[in-house]
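Residues per chain, in single letters:
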Amino acid sequence: MSLDASLAPNKKAGIGVEIAITTDHVPALQLVPDEVAEHYDAVATTLVTPTADIPFVALCLLERGTQVEIKSTIVTYADGRRGRFKIRRSQHETLLEIGGVYLFAVCRDLPDRPPVALKVVPATTVDEVIHSWIDSSGTRSDYAQVSWGSVFDATEVDH
């Protein structure tokens with residue numbers, strides 16, 4: 001699959017991570033195009049259970065049909081701060097309504113952004129680490145920034 005060259009670098013990197021996760025790490029997840037579902041990236045096509053490489057928080061399994069939003073960030077930014085996941089308010093509220101989950105990925109800052117840590121977390125649990133929303137001034141939905149340290153223990157992120 002080739003990516004649109006006009007996409008912003010962060011958007012292109014995020015799509016690349018989504019493809020890698022659904023192809024190499026969790027093939028039971030099928031990507032869903034933005035034109036079909038704006039508020040999530042994939043759907044479980046069969047039962048998905050946790051593994052040593054992909055632990056689940058507050059869940060024992062993902063049932064077939066569960067909607068999954070894939071969020072990725074890099075381990076550290078150029079200034080040394082931990083990477084942050086950007087969560088859009090409208091997207092998060094939809095995931096809460098439909099019982100959706102997030103699949104968080106912390107990635108190396110390389111062109112192909114290989115994941116170094118993955119974790120599945122229900123939207124209801126993520127709700128507990130969102131402390132405030134940042135106003136997007138009407139251009140897009142408000143958003144929150146969540147450090148990967150709010151989702152992963154530092155020992156889980158091998159860098």
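Anything mentioned here points back to the structure above.
Residues numbered from 1 in each chain as written. Predicted model: local features only at pLDDT ≥ 70, side-chain atom pairs only at ≥ 80, totals over all residues. Heavy atoms only, no water.

Engineer: Describe in detail the overall build of the protein, supporting the description with residues and values.
Structural biologist: If you tally the helices and strands in the protein, you get three helices and seven strands. Relative to a compact globule of 159 residues, whose C-alpha radius of gyration would be 15 Å, the protein shows 15 Å and is just as compact. Considered along the principal axes of its C-alpha atoms, the protein spans approximately 40 × 35 × 35 Å. Per-residue burial for the protein yields a buried fraction of 41% across its 159 residues. Restricting the contact set of the protein to residue pairs at least 6 apart, pairs at least 24 apart contribute 56%. (Helix = DSSP H or I, 4+ residues; strand = E, 2+ residues; numbered from the N terminus. Rg over C-alpha atoms; globule rule 2.2 N^0.38 Å. Buried < 20%, exposed > 50% of the residue type's maximum accessible area, 1.4 Å probe, protein only. Contact = heavy atoms within 4.5 Å.)

Engineer: Quick rundown of the layout of surface pockets? Include the residues and the values.
Structural biologist: Approximately 1300 Å³ is the volume attributed to the largest pocket. What lines the largest pocket is a set of 40 residues, and nearest its centre among them are N10, K11, G14, E18 and K71. Of the residues forming the lining of the largest pocket, the biggest block, eight residues, is contributed by helix α1 (residues 9-25). Here the lining of the largest pocket is composed, by residue class, of 15 nonpolar, 10 polar and 15 charged. By volume, the second largest pocket amounts to about 180 Å³. (1 Å grid on protein atoms, 1.4 Å probe; cavity = no way out; pocket = protein on both sides within 12 Å on 5 of 7 lines; lining within 4 Å. Points joined across faces, edges and corners; volume = space filled by probe spheres on them. Nonpolar A, V, L, I, M, F, W, Y, C, P; charged D, E, K, R; others polar.)

Engineer: Please set out the environment of A37 residue by residue, giving values where relevant.
Structural biologist: With respect to the helices and strands, the residue A37 is situated in the loop between β1 (29-31) and β2 (42-44). Note: C-alpha distance between A37 and Q67 (30 residues apart in sequence) is 9.7 Å.

Engineer: Describe the packing of aromatic side chains, listing the residues and the values that go with them.
Structural biologist: Considering all chains together, one arrives at two aromatic pairs under this definition. Of the aromatic side chains, those joined through ring pairs into one cluster are F85, Y102 and F104. The ring of W148 carries the charged tip of R82 above its face, separated from the ring centre by 4.3 Å. (Phe/Tyr/Trp six-rings, centres within 6.5 Å; stacked < 30°, edge-to-face > 60°. Lys NZ or Arg CZ within 6 Å of the ring centre and 35° of its normal.)

Engineer: Could you give an account of the pattern of salt bridges, with specific residues and numbers?
Structural biologist: Counted under the stated rule, the structure contains six salt bridges. Of the charged contacts, one joins K119 and E156 as a salt bridge, the two residues approaching to 2.9 Å between their closest N and O atoms. Here K119 is found in strand β6 (residues 115-122), whereas its partner E156 is found in the segment after β7 (143-147), with 37 residues between them in sequence. Residue classification places K119 among the buried positions, given a relative accessible area of 7%. Overlapping salt bridges, with partners in common, bring together R89, E93 and D142 in one network. (Salt bridge = Lys/Arg side-chain N within 4 Å of Asp/Glu carboxyl O.)

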